Amino acid sequence: MKVLVPIKRVVDYNVKVRVKADQSGVDLANVKMAMNPFCEIAVEEAVRLKEKGVVTEIVAVTVGPKASQEQLRTAMALGADRSILVETDEQTQPLGVAKALKALVDKEQPDLVILGKQAIDDDNNQTGQMLAALCGMSQGTFASVVEVADGKVKVTREIDGGLQTVELTLPAVVTTDLRLNEPRYASLPNIMKAKKKPLETLSPADIGVDLTPRVKTIKVEPPAERQAGIKVASVEELVDKLKNEAKVIS
Ligand code: AMP
């Protein structure tokens, strides 16, 4: 069984992002980049399925700039067997990425595609759903448990106030939630081995996809600055302020 794992290069989650002065986006100059955390969970899940003997091949794929090779090498150090970069310097957007992934699905014919539920840079939460629609595949989103057996995948989904379990016929699309697993760290020997694993580079034209952005960002703003707090001298003063100034109690 073959699994395709789409991963995205994003600003590392530890970085405190700064909005550019012209409000056109986030400043990416000299900022540490990393694999999107939900994609790390997707890679880990694929690797665990391979360790269980369910999966035989894991292909990590990404749509992005040349530098995204770094994240593909990380995916291969974590256990992916090979990888494909669809190289573009355009800002990637979910519909364009889903179309590129559909072309890779047609080429690779995977039984399962495991994506992150969302990329932490744009918080779109759209690509997996769009890919499933374009491929006519069933989808299990926000997975917290994934079980593959007898040509089906059972996905336990985290929904408001509880869990829902759905059964999908393969091939299918699954997107990962935070509690699905805890990704491992790549060991040094595996990082070295990953350098020799195959990494194929394709252009959008090679797979017949136009990645020109369709959505225009009008403005990006940082959250409003929080006002400084004050110290109160007594519980009475606190209650008085909550009642008469903040008006949150009566
Ligand atoms: P999004 O819909 O942008 O929030 O992203 C959800 C998931 O889609 C990510 O966790 C990735 O698995 C996948 N994805 C998004 N953008 C890309 C990209 N440029 N290349 C490969 N996979 C992507």
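In this numbering scheme, every chain counts its residues from 1 along its sequence in written order. Whole-chain, interface and lining totals are the exception, using all residues; otherwise, since this is a predicted model, local features are given only for residues with pLDDT of at least 70 and side-chain atom pairs are given and counted only at 80 or more. To get the side-chain values, all heavy atoms of the structure are used, and hydrogens and water are removed first.

1. Examining the overall build of the protein chain
So, point 1. Only DSSP runs of H or I with at least four residues qualify as helices, and only runs of E with at least two residues qualify as strands; both kinds are numbered from the N terminus onward. Of the regular secondary structure elements, the protein chain holds 6 helices and 11 strands.
So, point 2. Principal axes of the C-alpha set define a box for the protein chain whose edges measure 70 × 40 × 40 Å.
So, point 3. Within the span of the protein chain, comprising 250 residues, buried residues form 40% of the whole.
So, point 4. When the accessible surface of the protein chain is totalled, it reaches about 14200 Å², and 51% of it is carbon and sulfur. Burial classes: relative accessible area under 20% of the type maximum marks a residue as buried, over 50% as exposed, and values in between as partly exposed (1.4 Å probe, protein chains only). Here the Shrake-Rupley method, with its probe set to 1.4 Å, supplies the accessible areas, and only the displayed protein chains count as covering residues.

2. A word on the pattern of salt bridges
So, point 1. One side-chain nitrogen of Lys or Arg within 4 Å of one carboxyl oxygen of Asp or Glu is enough to make a salt bridge. If you walk through the whole model with that rule in mind, you get 18 salt bridges.
So, point 2. A salt bridge links D81 to K50; the shortest N-O distance between them is 2.6 Å. One end of the pair, D81, is in the loop between α2 (69–78) and β5 (82–87); the other, K50, is in helix α1 (residues 37–51), and 31 residues separate them in sequence.
So, point 3. According to the relative accessible area criterion, D81 is partly exposed, its value standing at 22%.

3. Concerning the nonpolar core
So, point 1. In this description, a nonpolar core means a group of buried Ala, Val, Leu, Ile, Met, Phe, Trp, Tyr and Cys residues linked to one another through side-chain atoms lying within 4.5 Å. Core analysis: the biggest nonpolar cluster contains 35 residues, and V5, I7, V43, L112 and V153 have the highest contact counts within it.
So, point 2. Sorting the residues of this core by element identifies β1 (2–6), α1, β4 (57–64), α2, β6 (112–116), β7 (138–149), β8 (152–159) and β10 (172–176) as the ones contributing at least two each.
So, point 3. Among the elements that make up this core, the one with the highest residue count is α1 (8 residues).
So, point 4. Contacts between residues were defined by any pair of non-hydrogen atoms, one from each residue, lying within 4.5 Å. When near neighbours in sequence (up to four residues on either side) are disregarded, V43 contacts V5, I7, M35, A75 and L78.
So, point 5. Listed in part, the 23 residues of the second largest apolar core include L4, A100, L101 and L115.

4. Quick look at the pairing of β5
So, point 1. The buried count for β5 comes to 5 of 6 residues, which makes it a mostly enclosed element.
So, point 2. In this description, strands pair whenever DSSP reports at least two bridges between them. Looking at chain direction, β4 and β5 are connected through 6 bridges and run parallel. For V61, the partnering residue across the bridge sits in β5 and is I84.
So, point 3. With α2 bridging β4 and the parallel β5, this β-α-β connection has right-handed handedness.
So, point 4. Bridge count for β5 against strand β11 (residues 199–202) is 4 bridges, and the pairing is parallel. Within β11, the residue paired with I84 across the bridge is E200. Whether a crossover is right-handed comes down to one check: with the strands pointing away from the viewer, does the path from the first strand over the helix to the second run clockwise; if it does, it is right-handed.

5. Focus: the sheet that holds β11
Through backbone hydrogen bonds, the strands of a sheet pair up, either in parallel or in antiparallel fashion.
So, point 1. Overall, mixed pairing links the 9 strands, which are arranged β9-β8-β7-β10-β6-β1-β4-β5-β11 in an open sheet. Each having just a single partner strand, β9 (162–169) and β11 make up the two edges of the open sheet. Ignoring which end each strand starts from, the neighbouring axes of this sheet average 30 degrees apart.
So, point 2. α1 rests against β1, β4, β6, β7 and β10 of the sheet, and its axis sits at about 145 degrees to β6. Orientation is described by axes fitted as lines to C-alpha atoms, over the contacting stretch for helices, and by angles from 0 to 180 degrees between their N-to-C directions.

6. Thoughts on the site of the ligand
So, point 1. Any residue with a heavy atom positioned within 4 Å of a molecule or strand is treated as near that molecule or strand. As a matter of local geometry, the ligand sits amid 18 residues, with P6, V63, A119, N125 and T127 nearest to it.
So, point 2. Under this definition, polar contacts are N or O atom pairs within 3.5 Å; protein pairs additionally need one hydrogen-donor-capable and one acceptor-capable atom, and for neighbouring residues in sequence, both atoms have to be side-chain atoms. In the model, an oxygen atom of the ligand is placed 2.8 Å from a nitrogen or oxygen of the P6 main chain.
So, point 3. Coverage of the ligand by the protein chains reaches 99% of its 490 Å² of free accessible surface.
So, point 4. Counting only elements with at least two residues in the shell around the ligand, the list comes to β4 and β6.
So, point 5. Here the shell around the ligand is composed, by residue class, of 8 nonpolar, 9 polar and 1 charged. Ten residues, namely Ala, Val, Leu, Ile, Met, Phe, Trp, Tyr, Cys and Pro, are considered nonpolar, four, namely Asp, Glu, Lys and Arg, are considered charged, and the remaining ones, Gly among them, are considered polar.

7. Some words on the environment of L95
So, point 1. Within the secondary structure, L95 is located in helix α3 (residues 94–108).
So, point 2. With 34 residues separating them in the primary sequence, L95 and Q129 have C-alpha atoms 9.9 Å apart.

8. Description of the pairing of β6
So, point 1. Of all the 5 residues making up β6, 5 are buried; the element is thus mostly covered by neighbouring parts of the structure.
So, point 2. On β6, burial covers both faces: L112, I114 and G116 on one face and V113 and L115 on the other are all buried.
So, point 3. Inspection of the sheet shows β1 paired to β6 by 2 bridges, in the parallel sense. The partner of V3 across the bridge, within β6, is L112.

9. Brief notes about the state of the cysteines
So, point 1. Note that a disulfide, as used here, is simply two cysteine sulfur atoms within 2.5 Å. In this structure the tally under the stated criterion is 0 disulfides.
So, point 2. For C39, which is in no disulfide, the shortest distance to another cysteine sulfur is to C135 and amounts to 17 Å.

10. Details of the layout of surface pockets
So, point 1. Using protein atoms alone on a 1 Å grid, points that fit a 1.4 Å probe yet trap it form a cavity, whereas open point sets bounded by protein on both sides within 12 Å along at least five of seven lines form a pocket; residues with an atom within 4 Å of a point count as lining. Grid points are joined across faces, edges and corners, and a volume is the space filled by probe spheres set on the points. Space inside the largest pocket adds up to approximately 1000 Å³.
So, point 2. Lining the largest pocket are 35 residues, and of these V11, V26, L28, D121 and D122 lie nearest its centre.
So, point 3. Breaking the lining of the largest pocket down by element, the ones donating at least two residues are β2 (9–11) and β4.
So, point 4. Here the lining of the largest pocket is composed, by residue class, of 15 nonpolar, 9 polar and 11 charged.
So, point 5. Along its surface, the second largest pocket is lined by 22 residues, and E40, T74, L78, R184 and Y185 are the ones closest to its centre.
So, point 6. Put simply, the parts of the chain that give the lining of the second largest pocket at least two residues each are β2, β3 (33–35), α1, α2 and α5 (188–194).
So, point 7. Here the lining of the second largest pocket takes 5 residues from α2, the largest share from any one element.
So, point 8. Here the residues of the lining of the second largest pocket are counted per class, giving 13 nonpolar, 2 polar and 7 charged.

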